[in-house]
Amino acid sequence: MTPVEFAYLAGWRAVRALPRPAAAALFRVAADQAYRRGGPGTVRLAGNLRRVVGPELPEPALAELVRRGMRSYARYWLDVFRLPSRSREQLRDDFRLDGEELLAADMAAGRGAVVALPHSGNWDAAGAWVAANGWPIATVMERLKPEGVFERFVDFRRRLGMEILPTHGGARAPFDVLVERVTAGYLVPLLADRDLSARGVEVRFFGGRARMPAGPALLAVRTGAPLYVAALWYDEAGPRGRLTGPLEVPAPDTGPLDQRVRALTQRIADHLAEGIAQRPEDWHMLQRVWIDEPARGAGSAGPAGVGPGTAENTPSISEPA
């Protein structure tokens, strides 16, 4: 067992053994220490949040926003480590979604749905809530290193009721499997605010140039499934979410596939930006997003590396539908 794998395993076991108030206080202290150290991840978060709030926000206010952001990031991990100890009923109660009736109707009709997510709030709690409602759910996850950490996260999410597909190294291309799952009536959530491949779609995002994965848009175009964009955040009671959509999917006669996917991905980016702007402190983006800025420190391998994936292995969007 590697030291990193041991640290994650210890986190899962130790945090669940502590009373929540004590664990929460411990994670807040750790978040504040990370903020004061100002490591690469914190610096990257500050740069990303500056893009969100614009140049007008004074530096002291931005610094306070970053501090709150690091606390929200720590809260994500606290909740993730404690999720396996929650009952099915507790998982349903822990998360609240505005617009859940839309998903309920889709699941009842057996038509499946695609949800584009930001790295905000707690997407693991959202996924566990979907499974606790008895709805089939499948997503992808970046293959982490060391392999033992990846396997433990896969097992963790599978135990919560999610089907997890690796972005690469699996028996089949994950996009092909997701097409089958959506067609079979599954809910497919995909993190959509950061591209992990060289094949992302360039979009305008908070006034800058960024790349986002084609997966959510391409999946909706290929299957005809309803496509939603989620905003995720925390309030005092716990993780929360709100759905926008279903988005209008461009018809085949409106242009070639790549043009339709690019237009739909831009709409996804616009809706993601709206949600992030409303609660920027809950956007856990400690990695580079914009391609029109220097590639300074890469940031930590934080939640973007362990969340439901971005469908990195989707086919080129120029392929025929």
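Right, let's walk through the structure included here. (Residues numbered from 1 in each chain as written. Predicted model: local features only at pLDDT ≥ 70, side-chain atom pairs only at ≥ 80, totals over all residues. Heavy atoms only, no water.)

**Points about the overall build of the chain**
Part 1 of the argument: Along the backbone of the chain there are 11 helices and nine strands.
Part 2 of the argument: Here the chain holds 321 residues, and 53% of them are scored as buried.
Part 3 of the argument: Approximately 13500 Å² of the chain is accessible, and the part contributed by carbon and sulfur atoms is 53%. (Helix = DSSP H or I, 4+ residues; strand = E, 2+ residues; numbered from the N terminus. Buried < 20%, exposed > 50% of the residue type's maximum accessible area, 1.4 Å probe, protein only. Areas by Shrake-Rupley, 256 points an atom, 1.4 Å probe, with all protein chains shown as cover.)

**Overview of the layout of surface pockets**
Part 1 of the argument: Taken as a whole, the second largest pocket encloses approximately 310 Å³ of empty space.
Part 2 of the argument: For the second largest pocket, the lining is made up of 15 residues, of which R28, R68, R71, S72 and R75 are closest to its centre.
Part 3 of the argument: For the lining of the second largest pocket, the elements supplying multiple residues, two or more each, are α2 (20-37) and α4 (59-82).
Part 4 of the argument: Looking at which element gives the most residues to the lining of the second largest pocket, the answer is α4, with seven residues.
Part 5 of the argument: A per-class count over the lining of the second largest pocket returns five nonpolar, one polar and nine charged. (1 Å grid on protein atoms, 1.4 Å probe; cavity = no way out; pocket = protein on both sides within 12 Å on 5 of 7 lines; lining within 4 Å. Points joined across faces, edges and corners; volume = space filled by probe spheres on them. Nonpolar A, V, L, I, M, F, W, Y, C, P; charged D, E, K, R; others polar.)

**Topic: the pattern of salt bridges**
Part 1 of the argument: For the coordinates displayed, the defined rule picks out 19 salt bridges.
Part 2 of the argument: Notably, a salt bridge pairs R51 with E293, separated by 3.5 Å at the nearest N-O pair. With R51 in helix α3 (residues 40-53) and E293 in the segment after α11 (257-278), this residue pair connects regions lying 242 residues apart in the sequence.
Part 3 of the argument: With a relative accessible area of 23%, R51 lands in the partly exposed category.
Part 4 of the argument: A salt bridge links R157 to D124, with the nearest nitrogen and oxygen atoms 2.6 Å apart. Of this pair, R157 sits in helix α8 (residues 147-159) while D124 sits in helix α7 (residues 123-132), and the two are 33 residues apart along the sequence. (Salt bridge = Lys/Arg side-chain N within 4 Å of Asp/Glu carboxyl O.)

**Description of α2**
Part 1 of the argument: Here α2 is 18 residues long and its end C-alpha atoms lie 26 Å apart, about the 26 Å a rise of 1.5 Å per residue gives.
Part 2 of the argument: Inspection of α2 places A23, A24, F27, A31, D32 and A34 among the buried residues, and these make up the whole buried set.
Part 3 of the argument: At the exit of α2 stands G38, carrying a positive phi of roughly 65 degrees. (Expected span 1.5 Å × (residues − 1).)

**Brief notes about empty space enclosed by the protein**
To find the voids left in a structure, one rolls a probe of water-molecule size over its atoms.
Part 1 of the argument: Counting across every chain of the model gives four cavities of 30 Å³ or more.
Part 2 of the argument: One number sums up the size of the largest cavity: a volume of about 150 Å³.
Part 3 of the argument: Lining of the largest cavity is provided by 17 residues; of these, V115, L117, A126, V130 and P189 occupy positions nearest its centre.
Part 4 of the argument: Elements with a minimum of two residues in the lining of the largest cavity: β2 (113-117), α7, β5 (187-191) and β8 (227-235).
Part 5 of the argument: Element by element, the count of residues in the lining of the largest cavity is highest for α7, at five residues.
Part 6 of the argument: Split by residue class, the lining of the largest cavity holds 16 nonpolar, one polar and no charged.

**Here we look at the pairing of β2**
Consecutive side chains along a regular strand alternate between the two faces of the sheet.
Part 1 of the argument: The buried fraction of β2 is high, at five of five residues.
Part 2 of the argument: Relative to β5, β2 runs parallel, the two being bridged by five bridges. Its bridge partner lying in β5, L117 is registered against L191.
Part 3 of the argument: The pairing of β2 with β8 spans three bridges and is classified as parallel. The residue of β8 that forms the bridge with V114 is L227. (Pairing = 2+ DSSP bridges.)

**Remarks on helix α6 (residues 100-109)**
Part 1 of the argument: By the burial criterion, the buried members of α6 are L103, D106 and M107. For α6, the buried positions fall inside an angular range of 95 degrees around the axis, keeping them on one side. What points out from α6, more than 90 degrees from its buried face, is the exposed set E101 and A108.
Part 2 of the argument: Looking at the buried residues of α6, the elements they touch are β1 (96-98), β2, β5, β8 and β9 (238-244). (Arc of directions from axis to C-beta. Contact = heavy atoms within 4.5 Å.)

**Examining the packing of aromatic side chains**
Part 1 of the argument: One pass over the full model with this rule turns up 12 aromatic pairs.
Part 2 of the argument: Centre to centre, the rings of F205 and W283 are 6.2 Å apart; their planes meet at 70 degrees, and the pair counts as edge-to-face. Within this pair, whereas F205 is found in strand β6 (residues 201-205), its partner W283 is found in the segment after α11, the two being separated by 78 residues in sequence.
Part 3 of the argument: A residue is classified by how much of its surface remains accessible, and F205, at 1% relative accessible area, is buried.
Part 4 of the argument: Members of the aromatic cluster, connected to one another through ring pairs, are F27, Y76, W77, F81, W123, F153 and F156.
Part 5 of the argument: Across from the ring centre of Y186, 5.8 Å away, lies the NZ or CZ of R181, which sits over that ring. (Phe/Tyr/Trp six-rings, centres within 6.5 Å; stacked < 30°, edge-to-face > 60°. Lys NZ or Arg CZ within 6 Å of the ring centre and 35° of its normal.)

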